[in-house]
Structures are given as C-alpha cells and as structure tokens.
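# Chains, contacts and geometry: an overview
So the chains spell out like this:
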Protein chains: 2
Amino acid sequence: MKDIDALCINTIRFLAVDAVERAKSGHPGMPMGDAPMAYVLWTRFLRHNPANPYWPGRDRFVLSAGHGSMLLYSLLHLTGYELSLEELKNFRQWGSKTPGHPEYHPEIGIETTTGPLGQGFANGVGMAMAQRYLAERYNRQGFPLFDYNIYAIVSDGDIMEGVSNEAASIAGHLKLGSLVYLYSDNRITIEGSTELTFTEDVEARFRALGWHTQRVDGYDLDAIEAAIKEARETKDMPSIILVRTHIGYGSPHKQDTPDVHGAPLGKEEVIATKKHLGWPLEPEFYIPDEVLTHMRKAVERGRELEESWQRLFDEYAEKYPELAAEIKGIIKGNHPSDWKELLPQFSPEDGGVATRKASGKVLNSIAEKTPFLIGGSADLAPSNNTYMKGVGDFLPNGVGRNIHYGIREHAMGAIMNGLALAGLVPFGGTFLVFSDYMRPAIRMAAMSGLHVIYVFTHDSIGLGEDGPTHQPIEHIASLRAMPNLVVIRPADASETVTAWKVALERKDGPTALLLTRQGVPVIDRAKYGCSSPEDLEKGAYVIADCDNTPELILIATGSEVHLALEAWQRLKEKGIRVRVVNMPSWELFEMQDKEYREDVLPPSVRARVSIEAGSTLGWHRYTGYEGVTIGIDRFGASAPYKILFEKFGFTAENIENEALKLLEKMRS
Amino acid sequence: MKDIDALCINTIRFLAVDAVERAKSGHPGMPMGDAPMAYVLWTRFLRHNPANPYWPGRDRFVLSAGHGSMLLYSLLHLTGYELSLEELKNFRQWGSKTPGHPEYHPEIGIETTTGPLGQGFANGVGMAMAQRYLAERYNRQGFPLFDYNIYAIVSDGDIMEGVSNEAASIAGHLKLGSLVYLYSDNRITIEGSTELTFTEDVEARFRALGWHTQRVDGYDLDAIEAAIKEARETKDMPSIILVRTHIGYGSPHKQDTPDVHGAPLGKEEVIATKKHLGWPLEPEFYIPDEVLTHMRKAVERGRELEESWQRLFDEYAEKYPELAAEIKGIIKGNHPSDWKELLPQFSPEDGGVATRKASGKVLNSIAEKTPFLIGGSADLAPSNNTYMKGVGDFLPNGVGRNIHYGIREHAMGAIMNGLALAGLVPFGGTFLVFSDYMRPAIRMAAMSGLHVIYVFTHDSIGLGEDGPTHQPIEHIASLRAMPNLVVIRPADASETVTAWKVALERKDGPTALLLTRQGVPVIDRAKYGCSSPEDLEKGAYVIADCDNTPELILIATGSEVHLALEAWQRLKEKGIRVRVVNMPSWELFEMQDKEYREDVLPPSVRARVSIEAGSTLGWHRYTGYEGVTIGIDRFGASAPYKILFEKFGFTAENIENEALKLLEKMRS
C-alpha cells in the first residue's frame with residue numbers, strides 16, 4: 001500500500017475514533033473496518049463536486065449502514081464539503097451538522113437519511129430508477145447527461161432486512177446497471193458473530209436476484225479498485241461486491257468483536273490502536289497536511305467535471321430547449337403547473353363515484369403534462385386506479401412512467417424516496433391497511449421532507465367482504481401521528497381533485513391520500529350552502545350550517561361526510577341548530593390561523609360529534625372529552641359494506657340518535 | 001389420474017367457484033389451480049383429527065395465500081371439521097365462519113389468520129421453531145410426541161414480500177426440517193404476468209437460504225406425492241416445492257389471466273368451466289356422495305392417529321409425570337404461576353434504574369420457572385436486556401430459550417405469532433422506533449388474540465445521541481390506536497415488574513412494554529402518598545394528591561412521571577391544589593368501571609396537563625380540548641438526552657409554567 005493511501009485511510013479511521021470518543025457515543029468499528037474501500041471509491045471513482053453538491057451529473061453515494069456516519073462525515077470534510085473540523089468535533093451534539101446517523105442535507109453532500117437498516121439500500125434502487133428514467137428520457141446522441149452511478153456501502157443488517165431483498169429483486173429484474181454496492185462483510189452484529197443467525201449464502205442469493213457479484217479482500221486496495229471498475233462497467237445488471245472486512249480494524253483487543261460496533265473504544269484502547277497502526281497519539285482529530293492536500297484534489301477535479309458537464313448541457317439546451325427546460329424544472333423540483341387546467345370536474349349528476357376512481361381520473365387527465373410524475377402500485381394498480389394510460393411502463397427494456405412494484409410495499413416506499421431525491425414526484429399505491437408494510441419508509445420521507453404521494457385506497461370497512469385482515473382501523477390515526485405527513489381523506493370525487501392538487505403542490509413533505517373503494521355521492525353543495533371543493537385546502541370547513549350559533553356540531557371525514565349531511569337534515573327538521581364540519585385533513589386545518597379554526601369550531605359549542613369509520617383515537621381533540629366520537633375501536637368484519645356500515649353504526653339514524661343523546665346529556 | 005381423485009379435486013374447485021359466485025366476491029383462481037396439490041397433501045400426508053382440531057400431535061397446515069380461503073374452507077368441510085355446507089354458502093357474509101380471508105379459529109381447524117401476504121409463511125417458521133423446541137425438550141427415547149410437520153401453501157405474493165425472505169433465512173439457518181412448503185408458482189399477479197416485475201430465480205434464492213428445493217408439475221398427483229414425501233423425509237433443512245400451477249385452471253377464457261384472481265368467474269364462464277371439466281351445471285355446491293365418503297375417511301384416520309398418540313402420551317405421563325404436566329400446561333396455554341414469587345423488588349435506594357434494565361432483571365429472575373417463555377431480540381439483546389442467562393440459545397445444533405432473530409424485526413413479529421399458536425409465550429425485543437418494521441405482524445397478533453409480549457426499549461428522545469432516526473415520536477400513539485393491543489409504559493423499575501406480571505397473565509392478546517434507555521428514579525411513593533406499583537394493573541391511578549378536590553391534574557406516563565412529581569411539589573408550594581395521575585396504560589384504564597375512572601379523573605376538573613415524550617395525538621381524550629398536552633409533534637434530535645429533555649420542554653419548570661398558564665386561562 002502506498003504511504004499516502006495508508007495515511008489517508010488511517011486519518012479517516014482516527015477521525016471517527018476520536019469523534020466517537022469525544023462524544024462518548026457512536027459506532028467506531030465500521031469506519032475503522034471500511035475506511036479502505038470507502039477511500040478507494042471516493043478517490044478513484046466517485047464523480048462529485050464538493051463545491052456544488054447539487055451538480056445533477058454527480059454520482060450518488062449512500063451510506064446505508066448509517067451507524068457508520070463518522071465515515072461519511074470524515075470523507076465529506078476531507079474532500080472539501082462545507083463540513084468543518086469543528087462539526088466533526090461536535091459529533092452527536094445539539095445543533096451540530098453531524099448527528100448520530102446521517103440526515104438528508106444536500107447542501108453538505110448527504111444524499112439521504114440512513115440508519116434504520118435497509119432503507120438506504122432501497123433508496124439507492126430508487127435513485128438508480130430515476131437515473132434510468134432521466135437518461136432514457138433526456139440523454140441524446142453525444143449528450144450523456146445522466147450516466148451517473150449510484151454507489152452504496154451496505155452492512156449485514158441491510159442485507160438481512162426484508163426491504164433490501166424486495167428492492168434487490170426489483171433492481172435485478174429491471175437490470176439497474178448503475179448500481180454499485182459494496183457489502184461490508186464483517187460477520188459481526190450486535191449480538192455476536194453472524195454464525196448465530198446469518199449463515200445464508202449471500203452471494204448466491206444476489207446472483208439468484210439477477211445481480212453481478214464479486215468477492216474481494218477489504219484491505220487490498222488494487223483488488224477493490226479492480227472490482228469497482230468491473231462493477232461499474234457492468235451495465236446490464238446491478239452489482240454487489242462482497243468485501244471481507246474486519247470491524248474495528250486495528251484495535252488490538254476489540255477488532256472482530258461486537259464491543260467495537262456501537263461504543264467508544266475507551267481511552268486505553270484508543271492509545272493501543274493508534275500505537276498499533278503507527279498513528280501519533282496527539283493531537284486528536286489529527287489530519288496530516290499531505291492527507292488534506294491529497295484528498296482535497298476532489299475540489300479541483302469536481303470543478304472540472306461539473307464544468308465539462310455544464311458545457312455539454314449548454315450545448316444540449318441550444319439543441320433541445322424544451323427538454324432542457326424540463327430538466328431544469330426537475331433538477332430544481334420546480335415543476336410547471338399547466339397540468340392544473342387539465343384537472344377533471346365532477347358533478348352531483350355523476351351519482352356515486354368511488355374516490356379511488358376519481359383519483360384515477362385525475363392521474364389520467366394530467367399525465368401527459370406531468371413528466372416529473374412517476375409511480376405505480378404494489379401490484380394493486382387496477383384496484384388503486386394508479387395506472388396512467390399512454391405514458392408507458394417502467395420495464396427492463398424500456399422506461400415509461402408506470403412502475404410495477406410487485407407485492408413489495410416496503411421497497412415501494414423506500415424506492416419512492418430515492419425517486420424523490422432525484423427531483424421526480426413519485427406516487428405509490430396500495431390498500432390503506434398495507435401502509436403498515438411501508439411505515440419505516442413513510443417515516444423517512446416525512447423526516448427528510450420529501451415530495452412523495454401515497455395513494456391509499458380501500459380506506460375503511462367500506463371495502464367490505466375482504467374482511468378485517470384488509471380493513472384499516474388504526475391506520476388513519478397512526479398516519480396522523482407521524483410528524484410532517486399530511487393526511488387527506490376527501491369526502492367525494494370533487495374533493496379528490498383538490499386533494500391531488502394539494503399533494504402535487506406540497507413540496508416539503510409527503511402527502512397521503514385516503515380513498516374509498518365504494519362509491520360515494522358527489523355532494524350537491526348548493527343544497528347545503530356555499531362551500532366549494534377547493535375549501536379542502538383549509539383542512540376543515542363548514543359544509544352545512546344553521547342560522548345563528550349552532551348548538552351542535554357534527555364533524556366528519558371522507559365517506560362519512562354524506563351521512564353527516566343526512567343526519568344534519570333530520571336534526572334540522574327537529575328544530576336543532578346543527579352545523580356540519582367537513583374535515584378532510586387535520587394537518588391542513590392546524591396550519592390555519594386561530595381565528596379561522598375557532599370560526600369553524602367555536603369553543604363555546606361543546607356538543608360535538610365526530611364521525612369517521614376508523615379508530616376514535618385523537619378525535620377528542622375536536623370533540624373534547626364530553627363529546628361523542630362515532631368510530632371503530634375493534635377490528636372489522638367480512639360482509640357487504642352496506643351491512644357493515646349499518647352494523648358499525650355509520651347511518652344517519654345512528655348519528656342523529658347519538659347527537660340527540662348528547663344534547664340531552666349536555667342540557668341536564 | 002384416478003376417477004375418485006379427479007372427482008374430489010373438481011369438487012374442491014367448484015365449491016370455491018360456486019361460493020365466490022354466490023358471494024359476488026372472492027378469489028376463485030387460486031383454489032382452481034391449487035386444488036390438486038392441496039388434495040394430495042390433505043389425503044395422503046396431513047396427520048390431523050377433524051373431530052379434535054386441538055390434538056397436539058397434529059401436523060399444522062397454513063394457507064399463507066389467504067385469499068384462496070375457499071380452498072381451505074372446502075377442505076375443512078369435506079374432511080369433516082365443524083364447518084357446514086351452509087357456512088360455505090354464506091361465504092363472506094355477516095356472522096359466517098367463512099370470512100374473506102381465514103381467521104384464526106382452532107375449533108374449526110383454522111391454524112392462523114392469513115391474507116396479508118408473507119405473514120403465514122413466517123408464522124409457519126415460528127410453528128416449526130415451537131415444534132423443534134417441544135420435541136427437543138419433551139421427546140424421549142420411544143416417545144416421539146412432537147414430531148409433527150408444518151405444511152403451507154404459499155403464493156408469488158408471499159415469496160415477494162420481504163418478511164418471507166427474513167423468515168426463510170432464519171429457517172434455513174436453523175435447519176427447520178419440519179417445514180414443507182408448497183409454492184404455487186402460477187406466474188400471475190393482479191397486475192399481470194410475473195414477467196412484469198418478478199423474474200428472479202426463486203429456487204436458487206431458497207437454495208442460497210439453505211432450503212431443500214424441488215420442482216414439480218401441479219397436475220401430476222404422483223409427482224406431487226413423491227416430492228412431498230422427499231421433503232418430509234428431509235430432516236436437516238426446510239423444504240420448498242415449486243409447484244407449477246395455472247391460476248383459474250379449467251376456465252376456458254380466464255385460466256392464466258389476472259381476471260380470475262380476485263373476481264367471480266361470472267355466470268357464463270362458470271357454465272363454460274363446468275362443461276369444460278365435465279362437471280354437472282346443477283346443483284350448485286355439488287358434492288358427490290363418493291367424494292364425501294372418500295374425504296371423510298380423515299375422521300376415522302384422525303381418531304386412530306390421536307388415540308395412538310394419546311396412548312403414547314399416557315405411558316409417557318407415567319414415566320415422566322413432571323414433563324407431562326408441563327406439556328399439558330403449554331398445550332392448554334395454562335401455565336404455572338410459581339414464577340411470581342421470583343419477581344424482583346426495587347427500592348428508591350437503587351437510585352436511577354433504566355426500565356429496560358429492570359425488565360432484564362425480571363426476565364432473569366423468573367427464567368428458570370418459565371419453560372413456556374421463549375424469546376429474544378432482533379439483534380439488540382444487549383440493549384433490550386432480553387437475554388435470559390442459563391437457559392441456553394436457540395441454535396441449529398441445540399435448542400435453548402434465547403432466540404437470535406438477527407436484524408429481522410418483521411420476521412420476529414410473525415415468528416412470535418407462530419410460537420404463540422403452539423401455546424408458548426414468546427417475547428421479542430427491539431427499539432420502539434423499529435416497531436414500525438413489524439407492525440403488520442403485531443396487527444395479526446392483536447386480531448388473533450395471541451399471547452405475545454413486545455419489549456420495546458429506547459422509548460423516547462431519552463435515547464439521546466442516536467438521533468431522530470432512532471427516536472420514537474408517533475409510535476406510542478400508533479400502537480395505542482391498534483385494537484386489542486395493551487400498551488404499558490411503566491414509570492420506574494418497580495412498575496416494570498408489575499407490567500411484566502400483567503403481560504404474562506394477559507392471555508387474550510398481545511402486550512407491548514415501552515421501556516426507557518435512560519435511568520429513571522425508583523419512585524419513593526411514601527413521599528407522595530399511599531400508591532403501590534401494583535396499581536399499574538388499573539392502567540392509571542393517583543400517585544400524588546392534595547386535600548379536597550384538585551383544581552389541577554397532571555397526567556404523565558413512563559419517564560415523565562417523576563418530572564410531574566417534581567412539578568407537583570413546586571405547585572403545591574405555591575398553594576395550588578394539584579393531583580398527579582400516573583397513567584402507564586390507557587387500555588388497562590379504560591377496562592376499569594366508570595366510577596373508578598371518574599374518581600381518578602373527576603370530570604369537574606377541567607384544568608389538565610398531560611406530559612409524555614411522544615406525539616400528543618390522543619391525549620385530548622383526557623385533557624379535553626382546553627387542556628394542555630406537553631409532548632413532541634416534530635421529529636427528535638441528536639444530542640445527550642438531558643439536553644434533549646430540556647430543549648423539548650420536559651422539565652419540572654416547564655410543566656409548572658404550562659400549568660400556571662392554564663389555570664390563569666381557566667380562571668379568566
């Protein structure tokens with residue numbers, strides 16, 4: 001090994017060791033073991049520009065084994081990103097740019113949030129699908145604008161998690177040649193040797209999944225270089241390199257033990273390790289000048305790479321101005337809005353329309369004007385109504401905008417995040433009940449503020465005969481509990497149009513559309529007052545009212561709104577001053593000012609009834625503990641949906657009776 | 001094919017076809033395609049006793065492809081279980097025993113709830129681990145009491161879902177030879193041919209996972225028989241047989257198309273299919289007498305099988321009375337309670353004790369007296385404190401009661417369900433934030449009323465430096481939203497002991513224990529009044545109070561209770577009549593009578609403050625919409641936990657200030 005190489009590798013190792021030691025917390029073992037392969041990748045292959053981490057032509061790097069965050073932070077600092085040595089010294093401290101696990105911060109070169117295992121692996125597959133899409137749509141003869149690679153370092157944990165197998169199966173099927181994954185095969189997990197629980201033939205599994213595989217010694221730099229080269233040149237299948245590494249490499253007493261995975265080495269072992277690897281004990285966070293000089297070459301190299309790409313793009317822009325404009329929009333996540341004129345309209349004459357069907361109509365109306373919109377379903381497209389006619393399918397041999405995820409909800413969620421990271425707007429469909437299968441990916445989207453759209457249909461017992469295994473109960477509440485996720489449950493076809501508008505315009509986080517399987521009437525608003533489907537944007541609004549202040553408020557969402565309106569009619573006829581509040585989105589409502597919120601729900605009116613075919617958890621926020629919450633706090637049942645709605649109390653009669661009982665109670 | 005065989009197979013097919021047709025809903029394609037393999041399995045291999053579905057020596061059958069429920073219902077009826085033809089005619093109707101997807105009903109031979117894909121596959125792995133445990137613990141020379149097999153029919157969807165790969169990897173690692181899976185390789189999913197999205201080499205993948213594999217034609221009964229025989233005789237590895245089937249077999253226009261997957265054939269196609277397979281058009285639900293006679297042989301055969309097993313067991317009971325008693329307990333889920341005397345005690349002198357550590361102490365105190373208790377962690381045993389010393393490890397070459405699940409939370413959840421179905425009480429640990437990875441399995445446990453225990457540690461931002469990717473926020477609320485799941489967040493070490501007692505005694509559903517990473521003081525109850533850690537059983541109780549009715553109530557859970565107690569002290573000194581309610585479990589509290597609940601939370605006291613380091617969603621149920629909910633409705637941050645608690649407002653000072661502001665507001 002050349003001296004400079006060894007020097008750089010040890011610098012990376014000990015920046016991690018010292019940072020973890022100072023923080024008294026973190027994971028030193030992985031950076032110590034993986035520094036060599038990371039060094040080879042970053043200095044001999046990775047095409048990036050530390051001065052502009054947003055350069056669209058860059059290769060992507062994903063540290064799926066997010067617990068090794070100090071490896072990434074060290075590389076970013078050494079290659080010249082906006083991440084100071086001070087930040088490394090503040091590892092895991094309040095307000096630092098160096099949290100325990102990497103969090104999506106493109107401005108300093110962190111491409112995605114990782115830590116929950118398997119997520120980064122699958123994000124990379126989404127990034128590769130985005131690359132394939134951009135390349136096939138925009139590359140032209142002589143203009144290879146989007147021929148970048150997606151590199152990742154993945155760990156035993158990433159490989160064990162089911163989501164990575166789902167994603168790897170799709171990647172192999174789609175022959176995503178831009179993927180080059182380095183699997184740090186260190187054979188140690190927290191509980192001990194992988195012999196305890198993980199003895200499968202990983203290489204054979206990935207071959208079976210259609211991946212190109214190689215094995216290499218993690219400390220033979222030239223072998224690593226040769227393997228990455230071969231992987232990069234393999235264009236017709238994704239590549240994984242099984243790199244035999246040793247966790248905690250260089251630690252005399254802790255190498256190849258779980259002790260070094262998630263805890264500081266300890267003062268004495270740090271000294272022993274530095275001595276063992278011939279590293280000066282002082283100062284901490286030592287960076288030899290020649291190391292900085294060598295690693296910082298990335299800045300100059302990056303500048304040249306981007307400049308030549310930019311020249312290419314400018315030429316391209318002259319030749320293909322429209323395509324270039326499209327590209328700029330996607331890169332900046334700044335999409336045209338001419339699709340709005342194409343949004344469909346619905347009217348009461350349309351009769352009963354399932355909101356999932358309305359959603360499908362929206363998608364098909366705007367598809368041609370939304371090249372940034374790409375999506376599909378986890379094998380439920382015909383039921384989710386997510387198929388866009390006329391824009392082609394995303395297949396191994398040609399790229400359209402309809403993705404077939406297969407029965408792999410979790411991979412779908414994580415792949416959507418990868419697509420969004422490239423500036424595309426992905427949507428993904430499944431039954432609401434199966435949102436559970438993809439929750440960890442939804443959480444990553446919410447935490448990273450990604451613009452993704454979930455199409456969750458069959459949103460209640462209203463799906464009928466399939467029964468409780470397929471009927472969401474707790475799901476609406478559990479999605480509402482997630483920070484930065486906007487949940488929208490439109491009341492009818494017209495509101496579904498607005499819901500899509502909101503979802504397409506909301507860029508700083510994910511939006512979940514909850515849609516019915518069963519038909520629901522398109523509300524004849526004229527009959528009840530002057531509301532508009534556009535009012536959905538405010539999250540909640542008065543859809544039917546009375547003269548003077550109401551004495552009773554009915555609050556409903558989705559398919560229960562028209563029942564509330566029927567109950568309103570009955571109660572009105574009994575001379576009760578009743579208001580109906582349609583509340584499709586709690587999150588949007590809470591974004592309104594206090595005045596509006598108290599105008600819709602006057603604090604003085606304590607007689608309140610909520611109606612939603614799901615868990616009542618959370619509804620007391622709006623009904624108070626004296627109010628009535630009509631919902632479902634048990635599992636559903638298998639039967640035709642009309643019978644279920646009756647049995648579970650979702651009828652105008654029952655709403656009326658509950659309301660009358662409440663008024664009675666309040667008066668006494 | 002022999003006439004009687006063909007006759008039986010077509011009977012199974014058309015019972016499914018007719019039932020789906022009558023229900024106008026369901027999945028006919030799978031039963032039509034898979035009837036032959038199911039017939040061979042049930043008539044030539046399956047050791048079961050329709051007259052006593054509880055016979056402990058029986059083979060288990062799992063229909064992982066639960067959408068093919070009519071296949072199972074037909075087999076159960078034909079072989080003589082308590083499932084009448086009337087029930088088949090009531091397929092998917094309100095109150096029937098034949099819901100859209102199979103629901104756990106041992107009394108009629110339904111071994112587990114399936115439908116959500118991948119769950120049944122992984123349940124079977126848990127059943128096989130239970131079989132291995134029971135066999136190694138209780139079988140004796142000449143007494144092969146527990147040598148039964150676990151058979152399953154799995155579909156493309158089961159194989160695509162990540163959870164099945166996780167479970168298959170464990171099964172291969174543990175060499176679970178009792179597993180015999182039939183994979184219905186029909187190459188059709190809802191969106192179309194598997195060519196669209198699923199072209200991996202499934203056989204090679206399973207070989208890589210350590211499975212014995214075979215391929216066979218789904219319509220060659222002798223070949224199927226030979227394959228199952230070989231699989232059953234393969235004792236040193238799990239077996240999967242790739243059975244090439246044709247969805248909708250026999251339907252002239254719909255065989256091998258997605259149309260026949262999830263919808264009735266339609267009147268005309270039913271006629272065409274019956275003609276094509278030479279089946280009488282009338283009557284519907286036709287069962288030839290010779291078919292019933294042939295299939296019902298299962299009753300006599302089953303009686304003999306159980307009788308000879310019973311004779312064996314009686315002999316065994318004389319030789320090994322203690323073991324026999326243990327077995328009876330496990331079989332009936334009726335476990336001894338002598339472990340209670342062994343529960344540890346904690347006192348304020350113990351200082352700060354993390355509730356996860358207290359939990360570990362409980363487990364290790366009772367381990368020797370709880371042979372029915374088996375569990376582990378998804379590679380976080382040292383952090384979850386789930387390891388039981390002295391009771392061995394569950395490994396390929398020997399069975400102890402510590403399971404190493406690897407980094408496979410979802411499989412852990414589904415395997416736990418399989419273990420519980422055998423009468424064992426499984427516990428499983430991971431970080432609370434990763435409960436998301438196993439939610440679909442938790443839901444199945446709750447729906448099936450299984451006695452399983454989740455040990456979710458690191459239950460708030462209190463985990464500190466690992467940061468937001470590892471800090472649960474929405475998880476407490478989203479678990480509370482799930483029906484029949486009891487969630488317990490003990491305030492200190494002493495309450496953790498009671499929490500375990502509750503979890504071990506609650507048999508009709510799962511219990512989740514939410515435990516701290518950080519130390520929390522063992523509350524000195526004498527200082528505050530006369531409460532006891534046993535009061536946790538009531539879900540919520542007054543832990544500190546005032547004379548006369550309070551004017552303010554502080555409600556807290558887990559690690560926030562001691563902060564509420566500090567605030568109580570401060571407020572008391574200001575002359576405020578304040579009460580602290582410790583509310584470790586909403587579900588247990590709601591099971592108490594109204595009188596008790598209103599005694600703890602008098603409706604007249606409107607000034608209420610809730611304190612919990614998680615989403616505020618749901619808390620208004622107890623605070624009303626006027627109350628204050630101190631919680632976290634954003635994602636966390638990476639820093640030492642004491643700093644986080646301060647920054648997020650979890651200090652006695654902040655609680656005091658919020659309370660004073662609220663009183664102010666209420667008075668004005």
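Cut-off values and rules
- Residues numbered from 1 in each chain as written.
- Chains lettered and ligands numbered in written order.
- Predicted model: local features only at pLDDT ≥ 70, side-chain atom pairs only at ≥ 80, totals over all residues.
- Heavy atoms only, no water.
- Helix = DSSP H or I, 4+ residues; strand = E, 2+ residues; numbered from the N terminus.
- Buried < 20%, exposed > 50% of the residue type's maximum accessible area, 1.4 Å probe, protein only.
- Lys, Arg positive; Asp, Glu negative; His and termini not counted.
- Salt bridge = Lys/Arg side-chain N within 4 Å of Asp/Glu carboxyl O.
- Pairing = 2+ DSSP bridges.
- Right-handed = clockwise from strand over helix to strand, strands pointing away.
- Domains from an automatic or database assignment.
- Contact = heavy atoms within 4.5 Å.
- Buried area = accessible area lost by both parts, 1.4 Å probe.
- Polar contact = N/O pair within 3.5 Å; in protein donor to acceptor, adjacent residues only side chain to side chain.
- Nonpolar A, V, L, I, M, F, W, Y, C, P; charged D, E, K, R; others polar.

Right, let's talk about the side chain of Glu166 of chain B for a bit. Following the sequence through the fold, Glu166 of chain B ends up in helix H7 (residues 162-173). The buried charged residue Glu166 of chain B lacks any salt bridge partner; its closest oppositely charged side chain belongs to Arg408 of chain B, at an N-O distance of 6.2 Å.

Residue and element names in this part refer to chain A. Residues Thr511 and Leu513 point to one face of strand S16 (residues 511-514) and Ala512 and Leu514 to the other, with burial holding for every one of them. Pairing of strand S14 (residues 453-457) with S16 involves 4 bridges; the strand directions are parallel. Residue Tyr454 lies in a different strand from S16, and its bridge partner there is Ala512. Relative to S16, strand S15 (residues 486-488) runs parallel, the two sharing 3 bridges. Residue pairing for S16: Val487 is matched across the bridge by Ala512. Chirality of the crossover, the property in question, places the unit of S15, helix H18 (residues 493-505) and S16 among those that are right-handed.

Turning to the domain arrangement of chain A, a few remarks are in order. All names here are of chain A. For chain A, the domain assignment lists domain 1 (3-302), domain 2 (338-521) and domain 3 (534-667). For domain 1 versus domain 2, the distance between C-alpha centres works out to 33 Å. The interface is formed by 27 residues belonging to domain 1 together with 28 residues belonging to domain 2. Carbon and sulfur atoms make up 71% of the area that domain 1 and domain 2 hide from each other, which totals about 2,400 Å². Taken together, the connections running from domain 1 to domain 2 amount to 0 salt bridges. Connecting domain 1 to domain 2 are 7 residue pairs in polar contact (both at pLDDT 80 or more). Elements that contribute at least two residues to the side of domain 1 that touches domain 2 include exactly helix H5 (119-138) and helix H7 (162-174). With 14 residues, the top contributor of residues to the side of domain 1 that touches domain 2 is H5. Taken together, the residues of the side of domain 1 that touches domain 2 break down into 14 nonpolar, 7 polar and 6 charged.

All names here are of chain B. Of the residues making up helix H10 (residues 267-276), those classed as buried are Glu269, Val270, Ala272, Thr273 and Lys274. Looking at the packing, one finds that the buried side of H10 touches helix H1 (3-23) and helix H2 (29-44). Directly beyond the C-terminal end of H10, a positive phi value near 65° is found at Gly278.

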